[in-house]
Amino acid sequence: MPSTPVSHLLNRLRMRQMALLLAIDEGGTLGAAARAIGMTQPAATKMLHELEETLGQELFDRVGRVLKLNAAGRLALMSFRGMTGTLEQLQRGLNELRLGRAGRLSIGSIMAASPMFLTRSLAKLKEQYPLLSVGIEVGTSDRLMEQLDRGELDVVIGRVPGAAGAYRFRALAEEAITVICAPGHPLARARAPTFDRIKEFPWVLQPEGSPMREVITQEFMNHHTALPPGLIETSSTLITVHLVIHTQMIAALPQPVARGFQAHKMIGLVKYRMQNRLASYGSIVRSDRPLSSQVEHFLRFIHEEGAVAW
């Protein structure tokens, strides 16, 4: 089947069709999607057929009442998410103009970058844009990338999970991992604890899907051992540190973050070397969205800081 011209898509694609596809992915069934966007199921069925006719391909494999995205559906879903993120970004910019503000920059950052590059870069940015409103979201790369796709963030300092075709990534630094414990913990006094000693203690880990969690999981797999039962999972650094301080639990943090807490004598560092390292992190923006002057200046400042650090 010949490819559909872009002009044809622009003339025939409707926002409600895009919303329906996103709702089907969210709700799992056509009925749930129809209810979510305020349609009857017959109307949603007709709209889905019209969308597939417009795109020239079926988007789902139908197994009974369950709709399962096929390769074409996954591609369309990724594109529609990018479009809705762009519209979200446009809406935020228009709202800032309506309120007479100097604009807003929304940044997502993994915790390792916050004390090293982010604060100094923001100080330079505020010198140039003193009235600029800045929002900072700290979290794991996978969660931040979802927010970037939805248009809630303008730029992420983190890692690109999976395929990177929709993004522009520029590396900043590598990130070593350090195992931490309470200052009086038995492991704090151990000269070179083995993995068998490490695995005796309960862990606080980042949620499944985060890059650091994958490194810890791989460490256990390398020793043919399953993760210990009864894990506490959190993406919060403060919760992690407080759990470690007040229990026998151990955890893993980026080395600069861990050393910062150790400098204040809040935690101890376990002298154990991980076999695997995290991939380099850096600045990430969507390749299908224009960059504001504020974003461009922020990227320049943060990579200048990265060059000085290295």
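Just so it is clear, the structure is predicted and the values come from calculations on it, not from any experiment.

Caption draft 1: Molecular detail of the overall build of the chain. A count of helices and strands for the chain gives 13 helices and twelve strands. Considering only contacts within the chain whose residues lie at least 6 apart along the sequence, 73% involve residues at least 24 apart.

Caption draft 2: Layout of the pattern of salt bridges. Summed over all chains, the structure comprises ten salt bridges. Close ionic contact of Arg150 with Glu152 constitutes a salt bridge, the shortest N to O distance being 2.8 Å. A residue is classified by how much of its surface remains accessible, and Glu152, at 31% relative accessible area, is partly exposed. Put simply, Arg300 and Glu304 hold a salt bridge, and the shortest N to O gap is 3.3 Å.

Caption draft 3: Highlighting the nonpolar core. Judged by nonpolar contacts, the single largest core of 33 residues is most densely connected at Ile180, Trp203, Ile250 and Leu253. Setting aside its immediate chain neighbours within four residues, Ile250 contacts Val179, Ile180, Cys181, His185, Leu187, Ile198, Phe201, Pro202, Trp203, Val204 and Val244. Formed by 31 residues, the second largest nonpolar core is a distinct cluster that contains Ala113, Val160, Ile284 and Val285.

Caption draft 4: Expanded view of the packing of helix α2 (residues 15-27) against helix α4 (residues 41-55). Two elements in contact, α2 and α4, have axes separated by 10 Å at closest approach and are oriented at 110°. Here α2 lies roughly perpendicular to α4, going by the angle between them. Residues Arg16, Gln17, Leu20, Leu21 and Ile24 of α2 form the contact with α4, whose participating residues are Ala44, Met47, Leu48, Glu50 and Leu51. The residue makeup of the contact of α2 with α4, split by class, is seven nonpolar, one polar and two charged.

Caption draft 5: A nonpolar patch on the surface, seen in detail. A surface patch of nonpolar side chains, amounting to about 390 Å² of accessible area, comprises Met15, Leu87, Leu90 and Leu94. Looking at the element boundaries, Leu94 is found in helix α5 (residues 71-98).

Caption draft 6: Focus on the pairing of strand β5 (residues 155-158). Residues Val155 and Ile157 line one face of β5 and the alternating positions Val156 and Gly158 line the opposite face, and both faces are buried. Pairing analysis gives three bridges linking strand β3 (residues 104-109) to β5, with the strands arranged parallel. What sits directly across from Ser109, in β5, is Ile157. Pairing geometry for β5 and strand β12 (residues 278-286), over three bridges, is antiparallel.

Here is what the cut-offs are and how they apply
- Residues numbered from 1 in each chain as written.
- Predicted model: local features only at pLDDT ≥ 70, side-chain atom pairs only at ≥ 80, totals over all residues.
- Heavy atoms only, no water.
- Helix = DSSP H or I, 4+ residues; strand = E, 2+ residues; numbered from the N terminus.
- Contact = heavy atoms within 4.5 Å.
- Salt bridge = Lys/Arg side-chain N within 4 Å of Asp/Glu carboxyl O.
- Buried < 20%, exposed > 50% of the residue type's maximum accessible area, 1.4 Å probe, protein only.
- Core = buried A, V, L, I, M, F, W, Y, C linked by side-chain atoms within 4.5 Å.
- Axes fitted to C-alpha atoms, helices over the stretch in contact; angles between N-to-C directions.
- Parallel < 35°, antiparallel > 145°, perpendicular 65-115°, else oblique.
- Nonpolar A, V, L, I, M, F, W, Y, C, P; charged D, E, K, R; others polar.
- Patch = residues over 30% accessible without salt bridge, like charges linked within 9 Å, V, L, I, M, F, W, Y side chains within 5 Å.
- Areas by Shrake-Rupley, 256 points an atom, 1.4 Å probe, with all protein chains shown as cover.
- Pairing = 2+ DSSP bridges.

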